[in-house]
Amino acid sequence: MKTKLVILGSLTCIGLLSSCQVQKNPTARIPMENKQDHSPFQYYATVPLTTDISHLSENEKTILGLMFKAADIMDDLFWQQAYGAKIDIVDGLQGETLNYVKINYGPWDRLDNEKPFLPNFGAKPAGAMFYPTDITKDEFEKANLKDGKSPYTLVKRNREGQLYTVPYHVNYKNQLQNAAGLLSKASELAEDAGLKNYLLLRAAALLNDDFYASDLAWMDMKNSNLDLVIGPIENYEDQLFGYKSAYSAYVLVKDVEWSKRLEKFVKYLPELQRNLPVDAAYKKEVPGTDSDLNAYDVVYYAGDCNAAGKTIAINLPNDERVQLEKGTRRLQLKNAMKAKFDKILVPIATSLIVEEQQKNIQFDAFFSNVMFHEVAHGLGIKNTLDGKGSVRDALKEAYSALEEGKADILGLYMVNQLLNKGELTGSKEDYFVTFLAGIFRSVRFGGSVTKVGD
Ligand SMILES: [Zn+2]
């Protein structure tokens, strides 16, 4: 019997239902009070996050509970970074308006260029609450603050009007101590050595903003059933400079069976590289086979990663020192992918794919296509043949679009090869038709390049 874990209080909105709707009515912003047909809330689907926890030990189940509590603290810290005190805005709101404020972590619509959707609010400050709201770029540059560009400091203004910085671990001390306490407790209970070590180091990192050792420990954590991405992770919320990291947490349960499938394919990487249909010179580099590719169910998104649409794949850590030393881990979030498949891909396919091919729209094919897209990023060459530097630098602003396009089509090429070898099951039609429908899903993101993980 499968035990279902239903996440209390975290019905998660998984993303846009269809941006065609958004684009048809780009300016039709009906006030929230008049919400019959045009509430922006309609662009989100509500999805319960569930997973099978029957294989978890009693300790692991207790650890999950501690992880939720620590994640809740990250959620509160992100509120402070994105808007201010949550209580000030949610008090007195209800229904869809309250839900929409929670989805956006404030009164600004993340689907509509951060325009305010509540009365009495002006534009969102570009630097969110990482900086004083009246700061200018020029003022910041001239101030030349100590640790001003650090991802882990807040910039504030004193009574005399001068700027100064405060480290996160000082500013948010009490809450971070609580979070660290929860992680330490979880570490004590952990049976997996990798998880135990990571949780302990992560607890310490939250208290001094030095995440390096815990990032390395996270890279070494190969066998744990549970995972927790926690801390200040991405810099997107700082639209002023992109310097400041926002607090975020994912609580994850490994899908052992699907992870085994992924493990198998990582071993084929060198062979797939050799078989690329290009001149030998373009496949000289040997792709690493120690890259970590696993499938998880995400059971809780909190803070930054929970604002607006949800990601379906994680590629971390961001610290380049750790990347050079140990690479990155790629986590496929299977239940979130399934939700996007059901709520976005299938409706798109229903209206755009001919009827006799509707049967070829399959989740397994979608999952594999996304997975091979990720794998394909690791193939090819990273440095140009003339020895002048990296492909990334040579292609400049075209790099991202070409690299994503490469990953898309090379992923499908690998699917084809593995099908021919009999290493992959399913019909070719499933992979190709689902791929096509997937392209329609991705193009909704518009001209700016977006990863498949979105
Ligand atoms: Zn990609």
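Residues numbered from 1 in each chain as written. Predicted model: local features only at pLDDT ≥ 70, side-chain atom pairs only at ≥ 80, totals over all residues. Heavy atoms only, no water.

### Focus on the overall build of the protein chain
Piece 1. Across its full length, the protein chain carries 17 helices and 11 strands.
Piece 2. Within the protein chain, the fraction of its 454 residues that count as buried is 50%.
Piece 3. Intrachain contacts of the protein chain at a sequence separation of at least 6 include 71% that bridge at least 24 residues.
Piece 4. Counting only carbon and sulfur atoms, one obtains 52% of the accessible surface of the protein chain, whose full area is about 21,900 Å². (Helix = DSSP H or I, 4+ residues; strand = E, 2+ residues; numbered from the N terminus. Buried < 20%, exposed > 50% of the residue type's maximum accessible area, 1.4 Å probe, protein only. Contact = heavy atoms within 4.5 Å. Areas by Shrake-Rupley, 256 points an atom, 1.4 Å probe, with all protein chains shown as cover.)

### Brief notes about the coordination of the zinc ion
Piece 1. Around the zinc ion, the donor atoms from the protein are His-373 (NE2), His-377 (NE2) and Glu-404 (OE), and they sit 2.1 Å away.
Piece 2. Counting gaps between the donor residues of the zinc ion yields the pattern H-x3-H-x26-E. Remark: His-377 and His-373 occur in helix H14 (residues 363-377); sequence separation between them is 4 residues, near one turn of the helix. The pair His-373 / His-377 is uniform in exposure class, with both members buried. (Donors = N, O, S within 2.8 Å, 3.2 Å for Na, K, Ca; no water.)

### Some thoughts on a nonpolar patch on the surface
Piece 1. Together, Leu-352, Leu-436, Ile-439, Phe-440 and Val-443 make up a nonpolar patch on the protein surface, roughly 410 Å² of accessible area in all.
Piece 2. Per-element tally for the nonpolar patch: the top contributor is helix H17 (residues 428-443), with 4 residues. (Patch = residues over 30% accessible without salt bridge, like charges linked within 9 Å, V, L, I, M, F, W, Y side chains within 5 Å. Salt bridge = Lys/Arg side-chain N within 4 Å of Asp/Glu carboxyl O.)

### A few points about the pattern of salt bridges
A side chain of one charge can pair with a side chain of the opposite charge if their charged atoms are brought near each other.
Piece 1. Counting across every chain of the model gives 20 salt bridges.
Piece 2. A salt bridge links Lys-115 to Asp-112; the nearest nitrogen and oxygen atoms lie 3.5 Å apart.
Piece 3. Owing to a relative accessible area of 10%, Asp-112 belongs among the buried residues under this scheme.
Piece 4. A salt bridge links Glu-374 to Arg-330, with the shortest nitrogen-to-oxygen separation between them at 3.6 Å.

### Overview of the packing of helix H16 (residues 399-421) against H17
Piece 1. It is the contact of H16 with H17, at a shortest axis distance of 10 Å, that shows an interaxial angle of 170 degrees. If you check the angle between H16 and H17, you find them roughly antiparallel. Between H16 and H17, the residues in contact are Asp-408, Ile-409, Leu-412, Val-415, Asn-416, Leu-419 and Asn-420 and Lys-428, Tyr-431, Phe-432, Phe-435 and Ile-439, respectively.
Piece 2. Each residue belonging to the contact of H16 with H17 can be placed in one class, and the counts come to 8 nonpolar, 2 polar and 2 charged. (Axes fitted to C-alpha atoms, helices over the stretch in contact; angles between N-to-C directions. Parallel < 35°, antiparallel > 145°, perpendicular 65-115°, else oblique. Nonpolar A, V, L, I, M, F, W, Y, C, P; charged D, E, K, R; others polar.)

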